[in-house]
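If you want the building blocks of each chain, they are given just below.
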Amino acid sequence: MKDQSCKPCAEGRYSLGTGIRFDEWDELPHGFASIATNLESDSSFSESLENCTTSTWVPLGDYVASNTDECTATLMYAVNLKQSGTVSFEYIYPDSSIVFEFFVQNDQCQPTVEESRWMRTTEKGWESHNVELSRGNNVLYWRTTAFSVWSKVPKPVLVRNIGITGVAYTSECFPCKAGTYAATSGSSFCQLCPANSYSSKGATSCQRCEPDTYSDQGSSSCKPRPPCTDKDYFYTHTACDASGETQLMFKWAEPKTCSEDLPTAMQLPPSGVKNKCPPCNPGFFKTNSSACEPCPSGSYSNGSGCISCAAGTEPALGFEYKWWNTLPANMETTVLSGINFEYKGMAGWEVAGDYIYTAAGASDNDFMILTMVIPGFRPPQAVLEDVENKEVARITFVFETVCSVNCELYFMVGVNSRTNTPVETWNGSKEKQSYTYIIEKNATMSFTWAFQRTAYHEAGRRYTNDVAKLYSVNVTNVMDGVASYCRLCALESSGSCTSCPPGNYIDRASGACHPCAPSTYLKAHQPYGSQACIPCGPGTKSNKIHSLCYNDCRFSLDKDGRTLEYDFSALANSTSFAGRPSFTSKGLKYFHQFSISLCGNHGRKMATCMDNVTDMRVPDGEAEFSKSVTSYVCQSIIVPSDVMGYKTIVSSQPVSLADRVIGVTTETTLDNITSLPEHFTPGNVGLTDVIFFYRSNDVTQSCSSGRATAIRLRCDPLKTGSGALTVPSKCPDGTCDGCTFHFLWETSTACPLCSAYDYHAIVSACLGGIQRTTYVWREPKLCSGGVPLPEQKVSICKTMDFWLKVGISAGTCAAVLLTVMTCYFWKKNQKLEYKYSKLVMNSTAKDSELPAADSCAIMEGEDVEDDLIFTSKKSLFGKIKSFTYKRTSDGFDSVPLKTSSGSTDIDL
């Protein structure tokens, strides 16, 4: 430094010149800080912040590991650059259940370009990442947040060998750490010591271990070799020799860390026992050298000799591996270290005749990996024309796991050399069983089986007897595959095979193609006989090519002597809703979001759920999602953007809940799927719910028949538009058993179409010769759309005034006639009184005797108009009353008379 000139570092030391490197992680290097926070904004979970204090980046010797919970862990380092430079580091990011970002802030606290901050998952060990740095102060951030809400803990992100250039010229050289060395001067890095050697700090070379000791790569000391046991070797079979025999071979597991010379050590069993070679796998034949070769095109085999397919048949191409004398050509095996996550040049699986099994790794936490690559598929023509039923091929394998601890077997699928995605995981011992995976894309596919005995690292091999076994692997419709049998085909006029048109089955007798009956679908793409056409479920019909059944958003129901018609077209588009918020143990708030496309578009599924965890990088929000699921009903885990602190919501773990429609009915059970009414509050009296039943194609360990979904449609005239979706109150995640999901959809669209039965007429009074008829809905109104209310009708009528006038006229006439008759009889009565009184007055008879009446007739000369004069002026009715009731004590009537001379009245 005195002459300000650069000099090379001595052996055993290194320097980056204008840079620094951090490759020792026994503790956090000086200048680094690791903090944990919880971005949960809900104040009710403030206590969860205390739970995050320990969720930080943890140094583990050669690397630093991230947290694996819902807390946000940030690893920070601040550096001042004298000139523009770079930062580089190696990382492993195996699990997309963790959000991993790396970004840099400058003097103005401005982050780096948004697109570069989101890290992509890794597949094959350590990967490098480089970012340019500007002159001045730079703060580097490694940030992780796990969002997995399942019980399985995600794998952490690992970071090592962080290098930064552009800092001030270093004034010293750094010694190589223990386990590394620098043999030459002027080194910019130190090399790792190979296995079975060691070195101390600042070493220029590595020292070999003594014969009775061993060491792993990059070790600072050697360990004593333990005595060999049966866990330190494995067995395998050699390839068949010219005589058709194979040898059973025993080999030490690599790297060999045990000693055979110790008193209690077990010796390697003798090898060389010969057995007869098993037959070749189906589709192959045995050559003169006992090697297995594929049969030529147009033929098949059961593993012995090739046989040409008969006329009217064609080979069913694929791969069927059930004999394991050698590893098939399209398979490879390796071991991924569970310590430093680097691949080792050793076999992880070994053939054993009837099966292939996991060998002994270097450590019990190593991943034993077996990969099979399929270049592509050649499905029948009908499959290519079927845009919805996307089964291109399928892979089926039979396996078994034998474990004494919590081992794990992973089955992963990769598309076009992209990252393998775990499809299914089995924990612990599993009996011999079969698993099938549906392939829905015609692309280069890789299938990987990875077995880990235990996730904990302990010295030695304690669980080598814990193994996974594959007995058979069968893949259909493989491009350039082989055939184990020939199947019937449709015949052209020339006698050659051809494909039946979509929606047709093959007649076994004639080889002719016949169309399926309406409302049936073909379960297989090479169907034979009319029984291959399966009837659709209730309320559904088949599409044009008979590949699936669907509901056209309409439904009819016969009830109480009438037919109810439903139209669900308004619910055909995708609708999303989220359940009630849930919280993890750390307080992370998340939702189960469901996307529902009730009847799709003529069988085309419309609901989509996405996984945007590893690709939230585009500023305008238009991200290319790494994984998406399209179905009738799907589910994803949603973490709101305000919780995670990102520009968009985090959507992860999409799962299909409904890939095909089973039927539409009002019955509560269909195809062993039951929608219990008790899950929801009672509905409308007299109007039953319409239930859509679905099944998914995904078969899991807990759901042997796949997931199922039942959607109840309930009429609610008050909830217009898309209405309201709910899940059972007792099952807030939509499912009570993890396999069958239940939904209640209340909307006016779920009401039957209105008909003439749903309204009645009200007839008004006849006013002014006009009568009006008005139509109103019956209450409660339980219909929607359909027939509208008729317009008000107006008709001519005879009003009440007319009939009133007729009645009044008739009454008046009757009253006049009665009055006239009354007057007539009253007049006649007066005359009779007068004559009677006259007779009394003229009587000369004795007292109390009446004279004999001569005549009551009017004598000649008598005045017929003489009036009888009453002493009192009584009314007509009073006079009649007096005439009727006024009698003397002797029983005779008393009539007041007036003399002609006007003297006083005399009562007679």
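Participant: Tell me about the overall build of the chain, and please be specific about residues and values.
Facilitator: Along its length, the chain carries five helices and 69 strands. For the chain, the share of sequence-separated contacts (at least 6 apart) that also reach a separation of at least 24 residues comes to 66%. Surface accessibility of the chain: about 47000 Å² in total, with carbon and sulfur atoms responsible for 53%.

Participant: Describe the state of the cysteines, naming the residues involved and giving the relevant values.
Facilitator: Following the criterion strictly, the structure yields 20 disulfides and no others. The side chain of Cys240 participates in a disulfide bridge whose partner is Cys277; the two sulfur atoms lie 1.8 Å from each other. When the S-S torsion is -135°, as for the bridge of Cys240 with Cys277, the disulfide is left-handed. Remark: Cys277 occurs in the loop between strand S21 (273-276) and strand S22 (284-286) and Cys240 occurs in the loop between strand S19 (233-237) and strand S20 (245-252); sequence separation between them is 37 residues. Just as Cys240 is buried, Cys277 falls in that class too. In this model Cys403 forms its disulfide with Cys407; the gap between the sulfur atoms is 1.7 Å.

Participant: Tell me about the nonpolar core, residues and numbers included.
Facilitator: Core analysis: the largest hydrophobic core is formed by 39 residues, its most contacted members being Met372, Phe447, Trp449 and Val473. In contact with Phe447, other than residues within four places in its own chain, are Leu370, Thr371, Met372, Ile374, Ile395, Phe411, Met412, Val413, Tyr437 and Ile439. Counting 36 residues, the second largest nonpolar core, distinct from the first, contains Phe577, Val661, Val727 and Phe743.

Participant: Explain the sheet that holds strand S28 (residues 343-344) to me, using residue names and the numbers behind them.
Facilitator: As summarised here, the arrangement of the six strands in space is S28-S27-S31-S36-S33-S34, forming an open sheet in which the pairing is antiparallel. Bordering the open sheet on either side are S28 and strand S34 (421-427), each of which pairs with just one other strand. Bridge count between strand S27 (residues 331-336) and S28: two bridges; the pairing is antiparallel. Across the sheet, Val335 pairs through a bridge with Lys344, a residue of S28.

Participant: Outline the packing of aromatic side chains, listing residues and values.
Facilitator: Per the counting criterion, the structure on display carries 46 aromatic pairs. Between Phe103 and Tyr141, the aromatic rings sit 4.8 Å apart at their centres with planes inclined by 10°, giving stacked as the arrangement. Placement of the pair is Phe103 in strand S8 (residues 98-105) and Tyr141 in strand S10 (residues 136-146), with a sequence separation of 38 residues. Positioned above the aromatic ring of Tyr355 is the side chain of Lys469, whose terminal nitrogen or guanidinium carbon lies 4.5 Å from the ring centre.

Participant: Could you give an account of the pattern of salt bridges, naming the residues involved and the relevant values?
Facilitator: Going through the model one piece at a time under the given rule, you end up with 13 salt bridges. Here Glu90 ties to Arg160 by a salt bridge, and the two come within 2.6 Å at their closest N and O atoms. With Glu90 in strand S7 (residues 85-92) and Arg160 in strand S11 (residues 158-165), this pair connects stretches of sequence that are 70 residues apart. A salt bridge links Lys541 to Asp552, with the shortest nitrogen-to-oxygen separation between them at 3.1 Å. With Lys541 in strand S45 (residues 541-542) and Asp552 in the loop between strand S46 (549-550) and strand S47 (554-559), this residue pair connects regions lying eleven residues apart in the sequence. Residue Lys541 is classed as partly exposed on the basis of its relative accessible area of 34%. Owing to a relative accessible area of 31%, Asp552 belongs among the partly exposed residues under this scheme. Salt bridges linked by common partners bring Asp689, Arg712 and Arg714 together as one network.

Participant: Hey, could you go over the environment of Cys783 for me, with residue numbers and the actual values?
Facilitator: Relative to the assigned elements, Cys783 resides in the loop between strand S65 (770-777) and strand S66 (784-786). With a relative accessible area of 4%, Cys783 lands in the buried category. Leaving out residues up to four positions away in the same chain, Cys783 has contacts with Cys751, Pro752, Leu753, Cys754, Asp758 and Trp777.

Participant: Would you mind going over the sheet that holds S10 in detail, with residue names and values included?
Facilitator: As summarised here, the arrangement of the four strands in space is S3-S6-S10-S8, forming an open sheet in which the pairing is antiparallel. What marks the edges here is a single partner per strand, and that holds for strand S3 (32-37) and S8. The sheet shows a mean angle of 15° between the axes of neighbouring strands, direction not considered. Two strands pair when backbone bridges link them, and strand S6 (residues 72-81) and S10 are joined in this way by ten bridges, in the antiparallel orientation. Residue pairing in the sheet places Asn80 in a bridge with Asn137 of S10.

Participant: Residues and numbers for the pairing of strand S56 (residues 660-665), please.
Facilitator: Counting buried positions over the six residues of S56 gives five, a clear majority of the element. In this structure, S56 lies alongside strand S59 (residues 690-695), joined through five bridges in antiparallel fashion. When the bridges of S59 are listed, Thr665 appears paired with Ile691.

Participant: I'd love a proper account of the environment of Asn684, names of residues and values included.
Facilitator: Tracing the backbone shows Asn684 in the loop between strand S58 (673-674) and S59. Each C-alpha atom of the pair Asn684 and Pro780 lies 9.9 Å from the other, and the pair is 96 residues apart in sequence. Look past the residues within four positions of Asn684 in its chain and what remains in contact with it is Arg714, Cys715 and Leu782.

Participant: Hey, could you go over the side chain of Lys469 for me, with residue numbers and the actual values?
Facilitator: Along the chain, Lys469 turns up in strand S37 (residues 467-476). This buried residue, Lys469, is left without a salt bridge; Glu400 holds the nearest opposite charge, at 4.8 Å. Not counting chain neighbours up to four residues away, the residues in contact with Lys469 comprise Tyr355, Ile356, Tyr357, Val398, Phe399 and Glu400.

Participant: I'd like a rundown of unusual backbone geometry, residues and numbers included.
Facilitator: With an omega of -5°, the peptide bond between Glu254 and Pro255 qualifies as cis. With respect to the helices, strands and loops of the structure, Pro255 is situated in the loop between S20 and S21. Following Glu779, the chain continues to Pro780 via a peptide bond in cis, the omega torsion being -5°. Its place among the elements puts Pro780 in the loop between S65 and S66.

Participant: Kindly report on a nonpolar patch on the surface, identifying the contributing residues and their values.
Facilitator: A surface patch of nonpolar side chains, about 450 Å² in accessible area, is lined by Leu817, Met821, Tyr824 and Phe825. Note on placement: Tyr824 falls in helix H4 (residues 800-841).

Participant: Could you give an account of the confidence of the model for the chain, with specific residues and numbers?
Facilitator: This prediction gives the chain a mean pLDDT of 81; 83% of its residues lie at or above 70. Throughout residues 40-50 the model reports pLDDT below 50, and contacts reaching past four residues in sequence, or to other chains, amount to 14 contacts. Here residues 883-887 scores under 50 on pLDDT; set against residues more than four positions off or in separate chains, the count is seven contacts.

Participant: Run through the environment of Leu753, naming residues and quoting values.
Facilitator: Mapped onto the fold, Leu753 is located in strand S63 (residues 753-754). For the pair Leu753 and Pro788, spaced 35 residues apart in sequence, the C-alpha separation works out to 9.8 Å. Those residues within four positions of Leu753 in sequence are excluded, and the remaining contacts are Arg554, Glu565, Tyr566, Asp567, Asp758, Cys783, Ser784, Gly785 and Gly786.

Definitions and limits used
- Residues numbered from 1 in each chain as written.
- Predicted model: local features only at pLDDT ≥ 70, side-chain atom pairs only at ≥ 80, totals over all residues.
- Heavy atoms only, no water.
- Helix = DSSP H or I, 4+ residues; strand = E, 2+ residues; numbered from the N terminus.
- Contact = heavy atoms within 4.5 Å.
- Areas by Shrake-Rupley, 256 points an atom, 1.4 Å probe, with all protein chains shown as cover.
- Disulfide = S-S within 2.5 Å.
- Buried < 20%, exposed > 50% of the residue type's maximum accessible area, 1.4 Å probe, protein only.
- Core = buried A, V, L, I, M, F, W, Y, C linked by side-chain atoms within 4.5 Å.
- Pairing = 2+ DSSP bridges.
- Phe/Tyr/Trp six-rings, centres within 6.5 Å; stacked < 30°, edge-to-face > 60°.
- Lys NZ or Arg CZ within 6 Å of the ring centre and 35° of its normal.
- Salt bridge = Lys/Arg side-chain N within 4 Å of Asp/Glu carboxyl O.
- Axes fitted to C-alpha atoms, helices over the stretch in contact; angles between N-to-C directions.
- Lys, Arg positive; Asp, Glu negative; His and termini not counted.
- Patch = residues over 30% accessible without salt bridge, like charges linked within 9 Å, V, L, I, M, F, W, Y side chains within 5 Å.
- pLDDT = per-residue confidence, 0-100.

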